[in-house]
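Here is how the chains run, residue by residue.
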Amino acid sequence: MNPQVHTVDFNEKPFIAIWEVTQACDLACVHCRASAQPERHPMELSTDEGKLLIDQIAAMQAPVFVLTGGDPIKRPDLFELIAHARSRGVRVSLTPSATPLLTREIVVRFNESGLARLAVSMDGASATTHDAFRGMSGSFARTLDAIRWANEIGLPVQINTTFSRRNIGEIDAIVARMESLRITLWSVFFLVPTGRGKLNDLLSADEFEQVFTRIYSLSKTASFAIKTTEAQHYRRFLLQQKVAERKAGHETAGTEKVADTVGRAPRGLNDGKGLVFISHIGDVYPSGFLPLSAGSIRRQSLATIYRESPLFRKLRDTSQLEGKCGACEFKEICGGSRARAYALTGNPHGEEPCCAYIPKGYARPGDGVKKATTLHVLPGA
């Protein structure tokens, strides 16, 4: 376990730094927050700029560093960037797309370059659902191939699954599929309607609780760890379950998990609060799902933007939370998705739209409160 997991001061440095190395990708995923296109953007950070960014992340000692896209494989300098990160003591995770570019040779090169973890997406229990999600026939089979290749060479594997109305009906089958695979971590994403993500695909608050119940049950028996992305209120759910079990006298310790050398985030992590996202052209965002830029690394250092920008400072201040999030007794460990609040209301400090919990003593405002009617979408390349 990473010794920095419980010692990160979110005001000083992020726990997770994510660099979108490119928006180029040959898939056409229905939920893509980047609205990725096949060709690379001419203003992408150069190799030298990328190395300088990595040096800044190393100086900030962010425990988790993720290279994402688009499809990172579309960058010809990708292995050079991974090797540079490893030479600076930065542990790198990577999220490639399951296209014909993802071959066994590429997976082996990832391992040889010093990659700490390979993260692949699986958004359905079968090829039918997953390939429709990803917009390319054969993507599901390539995902399974990549997992097998990584297992063969000892490269740790993470699976990312985004739940939406398109696959919620397969949740039991998806869970069963996860149980059959040799992975280190299952990262369960919850749709934020930005980029290509559609409001009609967003799960209801009750459906969020349904997924929470299923993955919590799995967490007790699975050999791998489970985390959520853009479902901060799963932390509230976890605490409620553990308290209820303790009161009932049947709390269980759970099964031993596969060793996770990358580390898990402490409670309270949120968009801009322990998390920073750098776009393909160097703009700095609180997350990849919250399209409010705090500056550019081409003009300021990453540390200065993260520590001093008014946007990030306000997002880390829980007194800024509004609605039931502001009144919630769980706000210090949860805080709700700032990205989803912004997507649905235009207010990054508004309440989490997909949380079923009502804080103790909270009186909901009258129906006269006006909400935004448009989504706030991160501009594509």
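Further up the page is the structure itself.
Attention here is on the structure that accompanies the text.

Cut-offs and rules
- In every chain, residue numbers begin from 1 and rise along the written sequence.
- Two thresholds apply to this predicted model, a pLDDT of at least 70 for residue-level local features and 80 or more for giving and counting side-chain atom pairs, whereas whole-chain, interface and lining totals are computed over all residues.
- Note that water and hydrogens are dropped before the side-chain values are worked out from all heavy atoms of the structure.
- Working definition: helices are DSSP H or I runs of at least four residues, strands are E runs of at least two. Numbering for both runs from the N terminus.
- Residue burial is assigned from relative accessible area. The probe radius is 1.4 Å, only protein chains are included, and a residue is buried under 20% of its type maximum, exposed over 50%, and partly exposed in between.
- Throughout, a residue-residue contact means that at least one pair of heavy atoms, one from each residue, lies within 4.5 Å.
- Accessibility throughout is a Shrake-Rupley quantity obtained with a 1.4 Å probe, and a residue counts as covered only by protein chains that appear here.
- Throughout, the arc means that of the directions going from the helix axis to the C-beta atoms.
- For two strands to be treated as a pair, DSSP must find at least two bridges joining them.
- To define axes, lines are fitted to C-alpha atoms, for helices over the stretch in contact only, and angles between the resulting N-to-C directions are given on a 0 to 180 degree scale.
- Two N or O atoms count as a polar contact when they lie within 3.5 Å, although within protein this holds only if one can serve as hydrogen donor and the other as acceptor, and sequence-adjacent residues are included solely when both atoms are side-chain atoms.
- For Phe, Tyr and Trp, where Trp contributes only its six-membered ring, two rings pair if their centres lie within 6.5 Å, and the inter-plane angle classes them as stacked under 30 degrees, edge-to-face over 60, or tilted in between.

## Looking at the overall build of the protein chain
- Across its full length, the protein chain carries 12 helices and 10 strands.
- The buried share among the 381 residues of the protein chain stands at 57%.
- Sequence-distant contacts in the protein chain: of pairs separated by 6 or more residues, those separated by 24 or more amount to 75%.
- For the protein chain, the accessible area works out to roughly 15,700 Å², and carbon and sulfur atoms hold 52% of it.

## A closer look at helix α2 (residues 78-87)
- Buried residues of α2: L78, F79, L81, I82, H84 and A85, and no others.
- Residues of α2 that are buried sit in contact with β1 (16-20), α1 (47-60), β2 (64-68), β3 (92-94) and α3 (104-113).
- Downstream of α2 by a residue or two, G89 has a phi angle that is positive, lying close to 80°.

## Observations regarding helix α6 (residues 171-179)
- Within the span of α6, buried status applies to I171, I174, V175 and M178. Angular distribution of buried residues about the axis of α6 spans 100°; they occupy a single face of the element.
- Where α6 is buried, its residues contact β5 (157-163), β6 (185-190) and α7 (205-219).

## Description of the sheet that holds β2
- Judged by pairing direction, the sheet is mixed, and its 10 strands sit side by side in the order β7-β6-β5-β4-β3-β2-β1-β8-β9-β10 without closing on themselves. Sheet topology places β7 (225-229) and β10 (295-296) at the edges, where each strand pairs with a single neighbour.
- Of the strands in this sheet, β4 (117-121) and β5 touch helix α5 (residues 139-153), which is tilted by about 165° from β4.

## Quick word on the side chain of N167
- With respect to the secondary-structure elements, N167 resides in the loop between β5 and α6.
- We classify N167 as buried; its relative accessible area is 0%.
- Polar side-chain contacts of N167 include one of 2.9 Å to the backbone oxygen of D123.

## Description of the environment of K324
- Relative to the helices and strands, K324 resides in helix α11 (residues 323-327).
- Note on K324: relative accessible area 6%, which makes it buried.
- Sequence-distant contacts of K324, defined by excluding residues within four places in its chain, comprise E351, E352, C355, A356, Y357, I358, P359, Y362 and R364.
- A polar side-chain atom of K324 sits 2.5 Å from the main-chain carbonyl oxygen of C355.

## Quick look at unusual backbone geometry
- Cis peptide bonds are those with omega within 30 degrees of zero, and the linkage from G69 to G70 qualifies with 20°.
- Position of G70 among the secondary structure elements: in the loop between β2 and α2.
- Located in the positive-phi region is Q61, a residue other than glycine, with phi close to 60°.
- Residue position: Q61 is located in the loop between α1 and β2.

## Quick notes on the packing of aromatic side chains
- Tallied over the entire structure, the rule returns 12 aromatic pairs.
- Pairing F208 with F212 gives two aromatic rings, centres 6.1 Å apart and planes at 90°, and the pair type is edge-to-face. With a gap of 4 residues between them, F208 and F212 both fall in helix α7, about one helical turn apart.
- Owing to a relative accessible area of 1%, F208 belongs among the buried residues under this scheme.

## What to know about the pairing of β2
- Within β2, 5 of the 5 residues are buried, which leaves the element mostly enclosed by the surrounding structure.
- Here β2 shows two buried faces, one formed by V64, V66 and T68 and the other by F65 and L67.
- Looking at chain direction, β1 and β2 are connected through 5 bridges and run parallel. For I18, the partnering residue across the bridge sits in β2 and is V66.

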